[in-house]
Amino acid sequence: MITPVLLSGGSGTRLWPLSRKSYPKQFVPLVGDETLFQASARRLSGAGFAAPLVLTNADFRFIVTEQLAGIGIDPGAVLIEPEGRNTAPAALAAALWLEQADPDGLMLVAPSDHVVPDAAAFRAAVEIGRAAAEAGKLVTFGITPDRAETGYGYLELGERLDPGAPRLMDLVRFVEKPDAASAAEMVATGRHLWNAGIFLFSVRAIIDAFKAHAPELVAPVGEAVAKGRADLGFHRLDPAAWGMLADISIDYAVMERAANLAVVPFAAGWSDLGGWDAVWRESGPNGDGVATAGNATAIDCRNTLLRSEDENLEMVGLGLDNVIAVAMPDAVLVAHKDRAQEVKAAVAALKARNARQAEAFPRDHRPWGWFESLAIGDRFQVKRIVVHPGAALSLQSHHHRAEHWIVVSGTAKVTIGETETLVSENQSVYIPLGHKHRLENPGKLPMVLIEVQTGSYLGEDDIIRYEDVYARD
């Protein structure tokens, strides 16, 4: 069996405003109906695959389990990284975790934010690399390039490793992201592939590789795993040990130094969706090069991407050429398509102004559901709150605000002090300032309510938690 190791802690900014630090692109349905994370988990499931091991951070842990449950996949383990340390510590932590049960098992390390349209073809490529991985090789997957791309690293191919497996190649070297001329030259040779950052190896082989090429990582990662603690259904890696680690990729730490490497070329379609120009390509633009999503209309446009991410917002493009326009409820991006890779500069500018939109998503996801602000004014805020079936908010109180809840769908179980009340659709309840209270959904369907807050301070940090089923601080 192969254990998929899904890396899901990233917080990319190049797809702002749809991808933000609080809700990054892997959890968003950028292409198709499923999120990139769900598509990745489904692609690496079924015959020959064990339950996935997921590495993520604390903010995303409930999103991970919720999205896996949404496609009927149970995670094998979810390891919570105290802070981002790149792919080398993450892969090693996964290997040391898996070593406890099956040191000779295979693990497939993959980012969870890539697009691979032909899942069957990718699984077939994994099968090509299986025997080499079982024999101790560190197998990587290279993408056959269809253009001279400067945004990716490259893999230089050597000779076939096995005449019986013509697609299994020797790897000569890793090539850093090139300039345009070098990229064109490499593509022309036919002996270079894009580095997809996807790896297959045995648990024992990768641990041995770390011991040989990055021994400074082995002890602190081992300590982080061993001293980690169980937290509901998750395993929190020890923050003190994890904090000692360098921020380093598995390419730099191990792959570029190892000699036992092999490459499986893959030509059935792939994208890391590293910018809105990539989303435009993967969205299937029409004959005029126009791709739209949501309530977007293009009139006399060329080579343009229009996306409306709000069901109440109509976007119309008129006479546009080489434009990307993405509209969210709280932010809009308009950019020349050739400058798609510079979107992170917009995020930096917003952060410099302390704009909430730089990192915070308009819909705030919590383990019990989600909420979004509908209106904010002087001493008041109006929110829409959705609570999952059977879920409950913490028992809490507030120093600075009172709340008025109006149920618009479903039934709420409301606790105020020692009193419990069922509040049905079109009914409301008032929670005075300072009173302990809790909101639960006892039903089998999502419960929706409108919350009106009034008070001198309405920040999310004005919460005193007394009990919480999700063990949040």
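Everything numeric in this text was worked out from a predicted model, so none of it was measured.

Trainee: How would you explain the overall build of the protein chain if you had to name every residue and give the values?
Mentor: A tally of regular secondary structure across the protein chain gives eleven helices and 28 strands. For 473 residues, the compact-globule estimate of 2.2 N^0.38 gives 23 Å, and the protein chain sits close to it at 24 Å. Of all 473 residues assigned to the protein chain, the portion counted as buried reaches 51%. In the protein chain, once contacts between residues fewer than 6 apart in sequence are set aside, the share between residues at least 24 apart is 69%. Total accessible area computed for the protein chain in this model is approximately 20,900 Å², and 51% of it derives from carbon and sulfur atoms. Averaging the locations of the 44 positively and 60 negatively charged side chains of the protein chain gives two centres separated by 1 Å.

Trainee: Tell me about the sheet that holds strand β16 (residues 323-327), and please be specific about residues and values.
Mentor: Taken in spatial order, the four strands make up an open sheet running β12-β14-β16-β17, and their pairing is mixed. Single-partner strands in this sheet number two, and they are β12 (290-293) and β17 (332-336). Strand-to-strand twist in this sheet, taken as the mean axis angle between neighbours without regard to direction, amounts to 5°.

Trainee: Lay out the pairing of strand β19 (residues 369-377) in plain terms, naming residues and giving numbers.
Mentor: Direction of pairing for strand β18 (residues 363-366) relative to β19: antiparallel, over a ladder of four bridges. Note that in β19 the partner of R366 across the bridge is G369. Counted along the chain from β18 to the antiparallel partner β19, the turn is two residues long. Bridge count for β19 against strand β20 (residues 380-387) is eight bridges, and the pairing is antiparallel. Bridge pairing in β20 links G377 to F380. Where β19 folds back onto β20 in an antiparallel hairpin, the turn is made up of two residues, including R379, whose phi is positive at roughly 70°.

Trainee: I'd like to hear about the packing of helix α3 (residues 87-99) against helix α6 (residues 203-213), residue by residue, with values.
Mentor: With their axes 9 Å apart at the nearest point, α3 and α6 run at an angle of 130° to one another. In terms of orientation, α3 lies oblique with respect to α6. The hand of the α3/α6 crossing is left-handed. Facing α3, whose interface residues are A88, L92, A95, L96, L98 and E99, α6 presents V203, I206, I207 and F210. Grouping the amino acids of the contact of α3 with α6 by side-chain chemistry returns nine nonpolar, no polar and one charged.

What counts as what
- Residues numbered from 1 in each chain as written.
- Predicted model: local features only at pLDDT ≥ 70, side-chain atom pairs only at ≥ 80, totals over all residues.
- Heavy atoms only, no water.
- Helix = DSSP H or I, 4+ residues; strand = E, 2+ residues; numbered from the N terminus.
- Rg over C-alpha atoms; globule rule 2.2 N^0.38 Å.
- Buried < 20%, exposed > 50% of the residue type's maximum accessible area, 1.4 Å probe, protein only.
- Contact = heavy atoms within 4.5 Å.
- Areas by Shrake-Rupley, 256 points an atom, 1.4 Å probe, with all protein chains shown as cover.
- Lys, Arg positive; Asp, Glu negative; His and termini not counted.
- Charge placed at Lys NZ, Arg CZ, Asp CG, Glu CD.
- Pairing = 2+ DSSP bridges.
- Axes fitted to C-alpha atoms, helices over the stretch in contact; angles between N-to-C directions.
- Parallel < 35°, antiparallel > 145°, perpendicular 65-115°, else oblique.
- Left-handed = near helix turned anticlockwise from the far one by under 90°.
- Nonpolar A, V, L, I, M, F, W, Y, C, P; charged D, E, K, R; others polar.

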